[in-house]
Amino acid sequence: MDAPCRNPFRRLALTPDDPFCDRRRELAELERHALNSASVVVFSPRRYGKTSLVRRVQRALGRRAHTFAADFFQLASLDDLAARLARGVYLGLQQHEPLLDRGLTSIPKIFRSFRPTLKLGEPDGVEFSVAVERGKRGFDLLAEALEDLGRFVSKADRPVHLALDEFQDIVDLGEPRVEAAFRSFIQDHRVSVFFVGSRRRVLLSIFNDRSRPFWQSSIMYPLGELPREDLVPYLADLFARGGKTCSEAVAMALADRVRQHPYYVQALGYWTFEVADAQVREEDLDAAFLSMLEGERYAFEAQLAGLSRGQQVMLTALAAEETSAPTAADYMARHGLTVGGVQSALKKLFELDVAERCGAGGQEEGGVLRVVDPVFRVWLARRAPA
């Protein structure tokens, strides 16, 4: 009996070594921006592959640049922000040589208030972190960390590239001086910073509001859905790697089912591979899509639970019926909405990047309102009462 073929699709974020669909132009452009010490705002909806793309850019830079990365998702405090920045820098300093082979003492002392530490953790048994050594806290701690990093940049033997993931979450700390501190850092030092984010309205307001420090400071770089002409052969090739045949028509149907969304292309491909025989058929997509919905259910339930009742009603209405006029009397009557409720709910849904206006040219003020996540939309529509 033949052994089952290994599924070639990944359910988790792609690593720099995984097969990557297209983005050749983006990789080349972002690599040039990094070597030119330019600052770039990389933005898209959630799970569009921003982090994977930036990781690949930093991998491509190799030893031509010092590359650091920090994740600012759901920051707890200014202390947490400074610590994540310091941890990212210390991790970057030892990425080309195994830390356990060299020891912590081999890492250059960059930050006056932080020292690198190792502790037991999962999944590799050892977790790298930082500990505060001095008494500074809050904004003073962050300001000192940026000053220390600036000193390193000024003396570095090659360009420095810094990727700050989910950068827009600094706004939730309620400290406006943070934006000014980072803006001064990139203004005063020859460094490339990629500001990466998925709450697009919040992120773009940081960089496009002329009253805020970052105005006209960075290149705006939206990341779109995967192009069909590249996605279709990519899907066929992945199925072939697993020993199955997928026609161009079926690959195109798979891509269209999830609006060429990078994460869901992988997820639907995974489940399609599981249910299909040696020849992938279009009808396999139906069963695979249901399996994918079930797998995403818990994440969707948690996302919905984080919204108010009014926001849930508004989002469910958009899932059932996209509209360009949410306050039209007949639309509100069909979905149990009020003018005040619509306006309040949409403001928050836009801020969270759960809903968007989208016209022929992309996100537009006069376009149709819809749920950003195409699979979340289907799940919401299916659970809504008839």
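The rules behind each value
- Residues numbered from 1 in each chain as written.
- Predicted model: local features only at pLDDT ≥ 70, side-chain atom pairs only at ≥ 80, totals over all residues.
- Heavy atoms only, no water.
- Salt bridge = Lys/Arg side-chain N within 4 Å of Asp/Glu carboxyl O.
- Helix = DSSP H or I, 4+ residues; strand = E, 2+ residues; numbered from the N terminus.
- Buried < 20%, exposed > 50% of the residue type's maximum accessible area, 1.4 Å probe, protein only.
- Axes fitted to C-alpha atoms, helices over the stretch in contact; angles between N-to-C directions.
- Parallel < 35°, antiparallel > 145°, perpendicular 65-115°, else oblique.
- Left-handed = near helix turned anticlockwise from the far one by under 90°.
- Contact = heavy atoms within 4.5 Å.
- Phe/Tyr/Trp six-rings, centres within 6.5 Å; stacked < 30°, edge-to-face > 60°.
- Lys NZ or Arg CZ within 6 Å of the ring centre and 35° of its normal.

A.B. asks: What am I meant to see in the pattern of salt bridges here?
C.D. replies: Applying the stated criterion across every chain, the model contains 35 salt bridges. Across the pair glutamate 29 and arginine 25 runs a salt bridge, and its minimum N-O distance is 3.2 Å. Of this pair, glutamate 29 and arginine 25 both sit in helix H1 (residues 24–35), separated by four residues, roughly a single helical turn. Aspartate 148 is the partner of arginine 151 in a salt bridge, and the nearest nitrogen-oxygen pair spans 3.0 Å. On the criterion of helical spacing, the pair formed by arginine 151 and aspartate 148 is a turn pair, its members being three residues apart in helix H5 (residues 138–155). Accessibility expressed as a relative area gives 35% for arginine 151, which makes it partly exposed.

A.B. asks: I'm lost on the packing of helix H8 (residues 228–241) against helix H9 (residues 248–257) in this one. Help?
C.D. replies: Helix-helix packing is characterised by the crossing angle of the two axes and by the distance between the axes. Where H8 contacts H9, the axes come no closer than 9 Å and their chain directions differ by 115°. On the basis of the axis angle, H8 is roughly perpendicular to H9. Between H8 and H9 the crossing geometry is right-handed. Taking contact as the criterion, the partners of Arg228, Leu231, Val232, Leu235 and Phe239 in H8 are, on H9, Glu248, Ala251, Met252, Leu254, Ala255 and Asp256.

A.B. asks: Which parts of the structure should I look at to understand the packing of aromatic side chains?
C.D. replies: Each aromatic ring pair is summarised here by two numbers: the centre-to-centre distance and the angle between the ring planes. Throughout the structure, instances matching the rule amount to 19 aromatic pairs. Summarising the aromatic geometry, the rings of phenylalanine 195 and phenylalanine 214 are spaced 5.2 Å apart at their centres and angled 70° between planes, so their arrangement reads as edge-to-face. Here phenylalanine 195, found in strand S6 (residues 192–197), pairs with phenylalanine 214, found in the loop between helix H7 (200–208) and strand S7 (219–222); they are 19 residues apart in sequence, far enough to count as distant. Classification of phenylalanine 195 as buried rests on a relative accessible area of 0%. Ring centres of phenylalanine 207 and phenylalanine 214 lie 4.7 Å apart, and the angle between their planes is 40°; this geometry places the pair in the tilted category. The pair formed by phenylalanine 207 and phenylalanine 214 is uniform in burial state, with each residue classed as buried. The rings of Phe72, Phe167, Phe182, Phe195, Phe207 and Phe214 are connected pair by pair, giving a single aromatic cluster. One cation-aromatic arrangement involves arginine 257 over phenylalanine 289; the distance from NZ or CZ to the ring centre is 5.5 Å.

Nothing here speaks to function; it is geometry throughout.
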